[in-house]
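Fold and geometry: a report
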Amino acid sequence: MSRTSRVRPDSTTDATLDKAADENFPVAPAFLPRAWRDDLMAVYGYARLVDDIGDGDLAPGGADARRLGVSPERADDRLAMLDALETDLHRVFDGTPRHPLLAALQPTVRRRSLTPEPFLGLLQANRQDQLVTRYETYDDLLAYCELSANPVGRLVLAITGTSTPERIRRSDAVCTGLQIVEHLQDVAEDLGRDRIYLPAEDMKKFHVQEADLAAPTAGASVRALVAHEADRALRLLNEGTPLVGSVHGRLKLLLAGFVAGGKAAVHAIVAAKYDVLPGPPKPTKLRLLREVGATLRGEG
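Described in the following lines is the structure provided in the data block. It should be emphasised that the depicted structure is a prediction, and the values quoted were computed from it without experimental measurement. (Residues numbered from 1 in each chain as written. Predicted model: local features only at pLDDT ≥ 70, side-chain atom pairs only at ≥ 80, totals over all residues. Heavy atoms only, no water.)

Mapping leucine 68 onto the fold places it in the loop between helix H3 (63-67) and helix H4 (78-94). Sequence spacing of leucine 68 and histidine 267 is 199 residues, and the spatial spacing of their C-alpha atoms is 41 Å. The residues contacting leucine 68, other than those within four sequence positions of it, are Ile53, Met81, Ala84, Leu85, Asp88, Arg98 and His99. (Helix = DSSP H or I, 4+ residues; strand = E, 2+ residues; numbered from the N terminus. Contact = heavy atoms within 4.5 Å.)

Counting residues in hydrophobic clusters, the biggest one holds 73 residues, and the most contacted among them are Tyr46, Leu85, Phe119, Leu198, Leu213 and Leu255. Filtering out sequence-adjacent residues up to four positions away, tyrosine 46 remains in contact with Leu85, Leu89, Leu102, Leu105, Phe119, Leu122 and Leu123. (Core = buried A, V, L, I, M, F, W, Y, C linked by side-chain atoms within 4.5 Å. Buried < 20%, exposed > 50% of the residue type's maximum accessible area, 1.4 Å probe, protein only.)

Moving on to the environment of aspartate 275. Mapped onto the secondary structure, aspartate 275 falls in the loop between helix H15 (249-271) and helix H16 (285-296). Residues aspartate 275 and valine 222, spaced 53 residues apart in sequence, show a C-alpha to C-alpha distance of 7.9 Å.

Another point: empty space enclosed by the protein. Under the defined criterion, the tally for this structure stands at two cavities of 30 Å³ or more. When its volume is computed, the largest cavity comes out at roughly 50 Å³. Every residue lining the largest cavity is listed: His183, Asp186, Val187, Asp190, Leu191, Arg195, Ile196, Tyr197, Leu198 and Leu213. Element by element, the count of residues in the lining of the largest cavity is highest for helix H10 (residues 187-192), at three residues. (1 Å grid on protein atoms, 1.4 Å probe; cavity = no way out; pocket = protein on both sides within 12 Å on 5 of 7 lines; lining within 4 Å. Points joined across faces, edges and corners; volume = space filled by probe spheres on them.)

To continue, consider the side chain of aspartate 129. Residue position: aspartate 129 is located in helix H6 (residues 117-131). In this structure, aspartate 129 is in contact with Tyr135, Tyr144, Arg195 and Tyr197, ignoring residues within four places of it in sequence.

With that settled, consider the pattern of salt bridges. In this structure the tally under the stated criterion is 26 salt bridges. Aspartate 52 is the partner of arginine 48 in a salt bridge, and the nearest nitrogen-oxygen pair spans 3.2 Å. In this pair, arginine 48 and aspartate 52 are both assigned in helix H2 (residues 34-55), four residues apart and thus about one turn of the helix distant. We classify arginine 48 as buried; its relative accessible area is 15%. Linking aspartate 275 and arginine 223 is a salt bridge whose minimum nitrogen-to-oxygen distance equals 3.6 Å. Separated by 52 residues along the polypeptide, aspartate 275 in the loop between H15 and H16 and arginine 223 in helix H13 (residues 220-240) bring together distant segments of the chain. The network of salt bridges with common partners includes Glu166, Arg169, Arg170 and Glu239. (Salt bridge = Lys/Arg side-chain N within 4 Å of Asp/Glu carboxyl O.)

So, on to helix H5 (residues 100-112). Residues lying three or four places apart along an α-helix face the same way, a consequence of the helix completing one turn every 3.6 residues. Relative to the 18 Å expected for 13 residues at 1.5 Å per residue, H5 spans 19 Å between its end C-alpha atoms, a close match to the ideal helical length. Residues Pro100, Leu101, Leu102, Ala104, Leu105, Gln106, Thr108 and Val109 constitute the buried set of H5. Positioned one or two residues after H5, serine 113 has a phi angle of 55°, which is positive. (Expected span 1.5 Å × (residues − 1).)

As for its placement among the helices and strands, arginine 169 is situated in helix H9 (residues 165-185). Each C-alpha atom of the pair arginine 169 and histidine 183 lies 21 Å from the other, and the pair is 14 residues apart in sequence. Engagement of the side chain of arginine 169 in a polar contact is seen with the side chain of glutamate 239, the distance being 3.3 Å. (Polar contact = N/O pair within 3.5 Å; in protein donor to acceptor, adjacent residues only side chain to side chain.)

For the rest of this paragraph, the subject is unusual backbone geometry. Despite not being glycine, serine 113 shows a phi value in the positive range, around 55°. With respect to the helices and strands, the residue serine 113 is situated in the loop between H5 and H6. Serine 113 sits in the exposed class, given a relative accessible area of 61%. The backbone of tyrosine 274 shows a phi angle near 65°, a positive value even though the residue is not glycine. As for its position among the elements, tyrosine 274 is in the loop between H15 and H16. Since its relative accessible area comes to 24%, tyrosine 274 is described here as partly exposed.

The subject of this paragraph is the packing of H2 against H5. Geometrically, a packed helix pair is captured by the angle between its two axes and the distance between the axes. Two elements in contact, H2 and H5, have axes whose closest approach is 9 Å; the angle formed by their N-to-C orientations is 130°. Judged by the angle between their axes, H2 and H5 are oblique. Crossing of H2 over H5 shows left-handed handedness. On H5, the residues touching Ala35, Trp36, Asp38, Asp39, Ala42, Val43, Gly45, Tyr46 and Leu49 of H2 are Leu101, Leu102, Ala104, Leu105, Thr108, Arg111 and Arg112. The residue inventory of the contact of H2 with H5, partitioned by class, reads ten nonpolar, two polar and four charged. (Axes fitted to C-alpha atoms, helices over the stretch in contact; angles between N-to-C directions. Parallel < 35°, antiparallel > 145°, perpendicular 65-115°, else oblique. Left-handed = near helix turned anticlockwise from the far one by under 90°. Nonpolar A, V, L, I, M, F, W, Y, C, P; charged D, E, K, R; others polar.)

Turning next to the state of the cysteines. Going through the model one piece at a time under the given rule, you end up with zero disulfides. With no disulfide partner, cysteine 145 has as its closest neighbouring cysteine sulfur the one in cysteine 175, 9.8 Å distant. (Disulfide = S-S within 2.5 Å.)

On to H16. With twelve residues, H16 should reach 16 Å at 1.5 Å per residue; the first-to-last C-alpha distance of 17 Å fits that figure. For H16, the full list of buried residues reads Glu291, Val292, Gly293, Ala294 and Thr295. Considering only its buried residues, H16 is in contact with helix H14 (242-245) and H15. Phi for glycine 298, located one or two positions after H16, is positive at around 80°.

Listed below in structure tokens is the structure:
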């Protein structure tokens, strides 16, 4: 029995964890040791819950609000829900969490001596999403990724006992690259939430108006902008690729999967001729396998 399954399962927590299959990268593949898989899925469950609260994607019925002690009439108040989740997060470190996904996280935190900072970073990123819907500069976007993406990679290194300053630096590059790729895949979806993660200064440079992002397909200016941002993402992924060669065994394969997932997603965007507006371009399994092989061989 996995550690996460010791918490009483239900349809809403299962649905949250099932979203791992839709990510651009493998979350906890079967080739990893069971203890690592359990711990990675516990972290994923928390991260997914934070994002679902921030995006308003919780399962209907208010079960998550009840677990976090939020009254039914405030279940749609995302900031209130994030505040309640932070309170429950602190219980992970010094008490008994209420939410089953945080109860599942507690053994991982204790076993791996994890600190609150990366978990709080993910919370802060989602608070920022409620208050900030546009980013003026690329540096502003990188600062957001420092909260929204980089903590995940740092947690993976902590769980596997491989953290060093250089690996953290490389991991941050990979995670930020993955986040930017995801933003490019989800331009239309994000716009539907009144969020734009394309830097305003770049939109001006390429003569892209917000109305252009609402079109059914991308015009030449939007495609040029997406190509520019995709190139930035690929450079970050390449900067982080040496992380893979710095570790060994099954962890090397896991990290290669992260990097390859991002590079394959960039390739899918290129193959779509940078037209991301009809929907997220998705890489083929064959392309993903090719990228995994290239990453393991140390190819850029």
